[in-house]
Every structure is written in structure tokens, then in C-alpha cells.
Amino acid sequence: VQLQASGGGLVQPGGSLRLSCAASGIIFSINGMGWYRQAPGKQRELVAYITGGGSTNYADSVKGRFTISRDNRKDTVYLQMNSLKPEDTAVYYCYFLLADPKRTYDYWGQGTLVTVSS
């Protein structure tokens, strides 16, 4: 399984970006997909998560500004980021939780840099 993230870049405060993460080689069911981020000098943190049933949860810091969604046909997860702030600057990682009848599997994308600066 490989995850390919894209969509990062430099944006001014108040701007928007849309991140995408496409998975290939999946042979198990997808239990959940998410986005995490890691800012310089900080630990990786959950940004948004969507379960196999479609339930979502968000970090308090991004509620109302970010939206996670998915395209099951394409095995792709998206993160629409609006009203971006300088504190959103980080490397964003996508995450897939896969499962077969016996166990679960964690997969991470390579990370895409989001820089919010004027």
C-alpha cells in the first residue's frame, strides 16, 4: 500500500488549500482515514479523521475552518483548509487505517508542507 499526498504549498493568512491523499494497492477494508500535522519543534497531532462509517472529528483548533472528506471509489481522502492561520504551518501527513479479519494496519503518507505566511 502506498499513500501519495499532494496539495501543500505557501499561502497567505486567510487563504485556502486543499490537500489530497490517494492510496494504491489496497486489498483490505478501510476503517478510517485522517490527517495529522507536525509543526517544527512540536509533536505530531491529529487534525481531522473520518471513519469507515463517515463520522468525522476535528482538532479544536481547526473546527469550522477545515473539512475532511473522502472518495471511496478513488481511495482518496481530502482536507479542505480555509481561513488558514500562521499557526497552521506544518508538515501534513495523511493516514489510513486498514483492516482484515485478523488485524489492523497503519499506513502513512510522505507528508506535504503547508506554510501560511504573508
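The paragraphs below set out a description of the structure included in this document. Note that the structure is predicted; figures quoted are calculated from it, not measured. (Residues numbered from 1 in each chain as written. Predicted model: local features only at pLDDT ≥ 70, side-chain atom pairs only at ≥ 80, totals over all residues. Heavy atoms only, no water.)

**With respect to the state of the cysteines**
(1) Moving on: Under the definition given, this model contains one disulfide.
(2) Moving on: The disulfide that involves C21 links it to C94, with 2.0 Å between the sulfurs. Its S-S torsion of about 50° marks the bond between C21 and C94 as right-handed, since a negative value means left-handed. Taken together, the positions of C21 in strand β3 (residues 17–24) and C94 in strand β9 (residues 90–99) put the pair 73 residues apart, joining distant regions of the chain. (Disulfide = S-S within 2.5 Å. Helix = DSSP H or I, 4+ residues; strand = E, 2+ residues; numbered from the N terminus.)

**A short note on unusual backbone geometry**
(1) Moving on: The phi dihedral of D75 is positive, around 50°, even though this residue is not glycine.
(2) Moving on: Along the chain, the position of D75 falls in the loop between β7 (66–71) and β8 (76–81).

**Details of the packing of aromatic side chains**
(1) Moving on: Applying the stated criterion across every chain yields a total of five aromatic pairs.
(2) Moving on: An angle of 65° between the planes, with centres 5.0 Å apart, marks the rings of Y36 and W108 as edge-to-face. Of this pair, Y36 sits in strand β4 (residues 29–38) while W108 sits in strand β10 (residues 104–108), placing them 72 residues apart in sequence.
(3) Moving on: Site record: aromatic cluster; members linked through ring pairs are Y36, Y49, Y95 and W108.
(4) Moving on: The ring of Y78 carries the charged tip of R18 above its face, separated from the ring centre by 4.0 Å. (Phe/Tyr/Trp six-rings, centres within 6.5 Å; stacked < 30°, edge-to-face > 60°. Lys NZ or Arg CZ within 6 Å of the ring centre and 35° of its normal.)

**Comments concerning the pairing of β4**
(1) Moving on: With nine bridges joining them, β4 and β9 adopt antiparallel strand pairing. Paired with G32 across the two strands is L97, which belongs to β9.
(2) Moving on: With six bridges joining them, β4 and strand β5 (residues 45–51) adopt antiparallel strand pairing. From the neighbouring strand, Y36 faces β5, where its bridge partner is L46.
(3) Moving on: Counting the residues that bridge the hairpin from β4 to β5 gives six residues, and of these G41 lies at a positive phi of roughly 80°. (Pairing = 2+ DSSP bridges.)

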